[in-house]
Amino acid sequence: NTNANNVTATSPIHMSGKSTARIIGSAVAGVSELALFHPVDTVAKRLMSTETRVITLHSPAQTAANLNVAIFRNAAAESIGQKAMSLFPGIGFGAAYKILQRVYKFGGQPV
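Computed from a prediction, not measured in an experiment: that's the story for all the values here. (Residues numbered from 1 in each chain as written. Predicted model: local features only at pLDDT ≥ 70, side-chain atom pairs only at ≥ 80, totals over all residues. Heavy atoms only, no water.)

As for the packing of helix 1 (residues 17-49) against helix 4 (residues 91-107)
- The N-to-C vectors of helix 1 and helix 4 enclose an angle of 140°; their axes lie 8 Å apart at closest approach. By the criterion of interaxial angle, the relationship of helix 1 to helix 4 is oblique. Between helix 1 and helix 4 the crossing geometry is right-handed. Here Arg22, Ile23, Ser26, Ala27, Gly30, Val31, Glu33, Leu34 and His38 of helix 1 come into contact with helix 4, specifically with Ile91, Ala95, Lys98, Ile99, Arg102, Val103, Phe106 and Gly107.
- Partitioned by chemical class, the residues of the contact of helix 1 with helix 4 number nine nonpolar, four polar and four charged. (Axes fitted to C-alpha atoms, helices over the stretch in contact; angles between N-to-C directions. Helix = DSSP H or I, 4+ residues; strand = E, 2+ residues; numbered from the N terminus. Parallel < 35°, antiparallel > 145°, perpendicular 65-115°, else oblique. Left-handed = near helix turned anticlockwise from the far one by under 90°. Contact = heavy atoms within 4.5 Å. Nonpolar A, V, L, I, M, F, W, Y, C, P; charged D, E, K, R; others polar.)

If you want it as structure tokens, here you go:
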């Protein structure tokens, strides 16, 4: 004898402290990875794609100037803050993708 008016409500999904910590930890890992490795990768790619000679054997000042232009490109003459920001081209979509990827990989998978 089941009555159609007898409806049992389910409780809302609650995340445990462990789940929350895994998701926050994995998001922090994604942000840290971007902050540390994105500029290094950008510098490496810019140095590899530079077509001009960077190192001048008898002029360390010229070598430093060439490195400055090769690494920072249009921001070579800008302030240190703008130079640093020039190492993060296209960070918008890439950052969202990388952080969500890390959250899914490390925070969303069962143990």
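Looking at the nonpolar core
- Core analysis: the largest hydrophobic core is formed by five residues, namely Ile71, Phe72, Ala75, Ala76 and Leu87.
- The contact partners of Ala75, leaving out residues within four places of it in the chain, are Gln82, Lys83 and Ser86. (Core = buried A, V, L, I, M, F, W, Y, C linked by side-chain atoms within 4.5 Å. Buried < 20%, exposed > 50% of the residue type's maximum accessible area, 1.4 Å probe, protein only.)

Observations concerning the pattern of salt bridges
- This structure, assessed with the given rule, holds three salt bridges.
- Put simply, Glu33 and Arg102 hold a salt bridge, and the shortest N to O gap is 2.7 Å. Here Arg102 lies in helix 4 and Glu33 lies in helix 1, a separation of 69 residues in the sequence.
- On the basis of relative accessible area, Glu33 is assigned to the partly exposed category, the value being 23%.
- By relative accessible area, Arg102 is classed as buried at 13%.
- Overlapping salt bridges bring together Glu33, Lys98 and Arg102 as one network. (Salt bridge = Lys/Arg side-chain N within 4 Å of Asp/Glu carboxyl O.)

Any functional reading would require information that these geometric values do not contain.
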